[in-house]
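Chain by chain, the residues:
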Amino acid sequence: MREPTVVGTESNGGSVGSIAQSPPPQALLERLKDYGQEDAFALWDELSPDERDHLVKDIESLDLPRVDRIIRCSLRSQGLPVAAIEPVPERSVSTVEERTMDERERWWKMGLKAISDGKLAVLLLSGGQGTRLGSSDPKGCFNIGLPSGKSLFQLQAERILCVQRLAAQVTSEGGGSGSALIHWYIMTSPFTDDATRKYFESHKYFGLESDQVTFFQQGTIPCVSKDGRFIMETPYKVAKAPDGNGGVYSALKSSKLSEDMATRGIKYIDCYGVDNALVRVADPTFLGYFIDKGVSAGAKVVRKAYPQEKVGVFVRRGKGGPLTVVEYSELDPSLASAINQETGRLRFCWSNVCLHMFTLDFLNQVANGLEKDSVYHLAEKKIPSIHGQTVGFKLEQFIFDAFPYAPSTALFEVLREEEFAPVKNANGSNFDTPDSARLLVLRLHTRWVIAAGGFLTHSVPLYATGVEVSPLCSYAGENLEAICRGRTFHAPCEIGF
């Protein structure tokens, strides 16, 4: 325990330690008592004046009624019975094998038309640091080792540039002139915001216009003990953690960015996580499918590789209920391995890979619904505190928490080898590493080059190398014949204009 701070001298009628003995602000203390959080002031007598000032400002920065509601609702929801789950109805999924070439072309053109009309925005969830990758930088700054040395941020920015060019071509072919820019909204966290902004500025926004990129921060929420009391990180600071990638809904509302989107004429939002090296940002085909189906929410899904794969899956909650996502840890092993006798596939096979599409109207409804219900996921963690590592809860919302609120949802199957290369763990881990993601990119792009009439030479086995096609050249393997036909490329290399 720290020694009490003694401030002041015996002069002008004052007494030694007069500041140390002054009580906490009474009104604030009473507010804390109203919510059972008065222990935040437990070490007040031991704090210096500066530390007391810091503590008061820290407490005043909290929306105590909201935080209290979230804590109570979230703790109360633990252990409550939930409706049984059913497999996703087949009519809710567009599968790769059933998709016709005519549908693909129609959806591609429909999506490009909506993009050229300025109806699509891209929403990036980028609050995480690359801690598990051995870096304290924002995860989007990470270079997975491609021949170009491009970061995840740069790959995604260049895909946006490519789609803008494709949309402009469609506009000009139709006799129009010009095409709208795709606005990119990037959600950061208090830990990544400054570094992310500086990274984009130092790289001149990777060729995008600076005013088509908007950064905003997700919120934080106090960490709590198992009985719902604030955990103190220091004697004058409440322990807090980011509110999860589902915090994007309240962040868009509180920062007025939903209104900004409406002002820009945006109708649809393509939402994804930063740590996917193969993400097709602003995918015209997915957008066209979404518009064609007339739904409120959509998600790209991949088939689960095996029953124990650690991925959440889409399910239907209750008889005729909404589609939602169940995390792998919450899915009973018998259900995880259950087989559909008609197809021979897993009954619960549609994996969530954080590639979503929403209407702007629905995003606004979700923000209101989630705020009203105030139920967060409780993640039991060891939290740094004044007592060392304290076991308590971090409260989080997830991006897929939106789906139970959707009046209609459509799923769109994609092939994981074409669109899902997660970058989550450091090289040397068994899966989802920069090396595994890099090889997925190189192998896909190698197939594109060969399909376009190109040839490869390589000094190491082809399974361990390949070529990288710049996103500025091709979005999904299109328009490569002029660059590749009859040419030989030595792997590894980057193919650009």
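As a reminder, the structure under discussion sits directly above these lines.
Treat the numbers as computed from the prediction; the structure is a model and nothing was measured. (Residues numbered from 1 in each chain as written. Predicted model: local features only at pLDDT ≥ 70, side-chain atom pairs only at ≥ 80, totals over all residues. Heavy atoms only, no water.)

Visitor: Requested: an account of the overall build of the chain, with residues and values cited.
Guide: Helix and strand counts for the chain come out as 14 helices and 21 strands. Here the C-alpha atoms of the chain give a radius of gyration of 26 Å, agreeing with the 23 Å that 2.2 N^0.38 yields for 497 residues. When the backbone C-alpha atoms are referred to their principal axes, the chain occupies close to 95 × 55 × 50 Å. Summarising the internal contacts of the chain: among those between residues at least 6 apart in sequence, 74% fall at separations of at least 24. Just so you have it, the chain exposes about 22,800 Å², and 50% of that area is on carbon and sulfur atoms. (Helix = DSSP H or I, 4+ residues; strand = E, 2+ residues; numbered from the N terminus. Rg over C-alpha atoms; globule rule 2.2 N^0.38 Å. Contact = heavy atoms within 4.5 Å. Areas by Shrake-Rupley, 256 points an atom, 1.4 Å probe, with all protein chains shown as cover.)

Visitor: Lay out the state of the cysteines in plain terms, naming residues and giving numbers.
Guide: In this structure the tally under the stated criterion is zero disulfides. Among the cysteines around Cys162, which has no disulfide bond, Cys473 carries the closest sulfur, lying 8.3 Å off. When its relative accessible area of 0% is taken as the criterion, Cys162 is described as buried. Sulfur of Cys473: no disulfide; nearest cysteine sulfur belongs to Cys484 and is 8.1 Å away. Accessibility expressed as a relative area gives 3% for Cys473, which makes it buried. (Disulfide = S-S within 2.5 Å. Buried < 20%, exposed > 50% of the residue type's maximum accessible area, 1.4 Å probe, protein only.)

Visitor: Explain helix 4 (residues 101–116) residue by residue, including any values.
Guide: Each α-helix winds once per 3.6 residues, and so residues spaced three or four apart point in a common direction. The end-to-end C-alpha distance of helix 4, which contains 16 residues, comes to 22 Å, matching closely the 22 Å that a straight helix rising 1.5 Å per residue would cover. Along helix 4, the positions that sit buried rather than exposed are Trp107, Gly111, Leu112, Ala114, Ile115 and Ser116. Buried residues in helix 4 make contact with strand 2 (93–94), strand 3 (120–125), helix 5 (152–173), helix 9 (284–293) and strand 17 (409–413). In the segment just after helix 4, Gly118 is the residue with positive phi, at about 75°. (Expected span 1.5 Å × (residues − 1).)

Visitor: Quick one: what's the story with the pairing of strand 20 (residues 488–491), residue by residue and with numbers?
Guide: Residues of strand 20 alternate between two faces, with Phe489 and Ala491 buried on one and Thr488 and His490 left unburied on the opposite face. Sheet topology places strand 18 (residues 455–458) next to strand 20; four bridges connect them, and they run parallel. Bridge pairing in strand 20 links Leu456 to Phe489. (Pairing = 2+ DSSP bridges.)

Visitor: I'd love a proper account of the packing of aromatic side chains, names of residues and values included.
Guide: All told, the structure shown has 19 aromatic pairs when counted by the stated rule. Pairing Phe314 with Phe403 gives two aromatic rings, centres 5.2 Å apart and planes at 90°, and the pair type is edge-to-face. Pair noted here: Phe314 is in strand 12 (residues 313–317) and Phe403 is in the loop between strand 16 (388–396) and strand 17, with a separation of 89 residues, a long-range link. Accessibility expressed as a relative area gives 0% for Phe403, which makes it buried. Through a chain of ring-to-ring contacts, the aromatic side chains of Phe153, Trp184, Tyr199, Phe200, Tyr205, Phe206 and Phe215 assemble into a single cluster. Sitting above the plane of the Phe412 ring, Arg99 keeps its charged end 3.7 Å from the centroid. (Phe/Tyr/Trp six-rings, centres within 6.5 Å; stacked < 30°, edge-to-face > 60°. Lys NZ or Arg CZ within 6 Å of the ring centre and 35° of its normal.)

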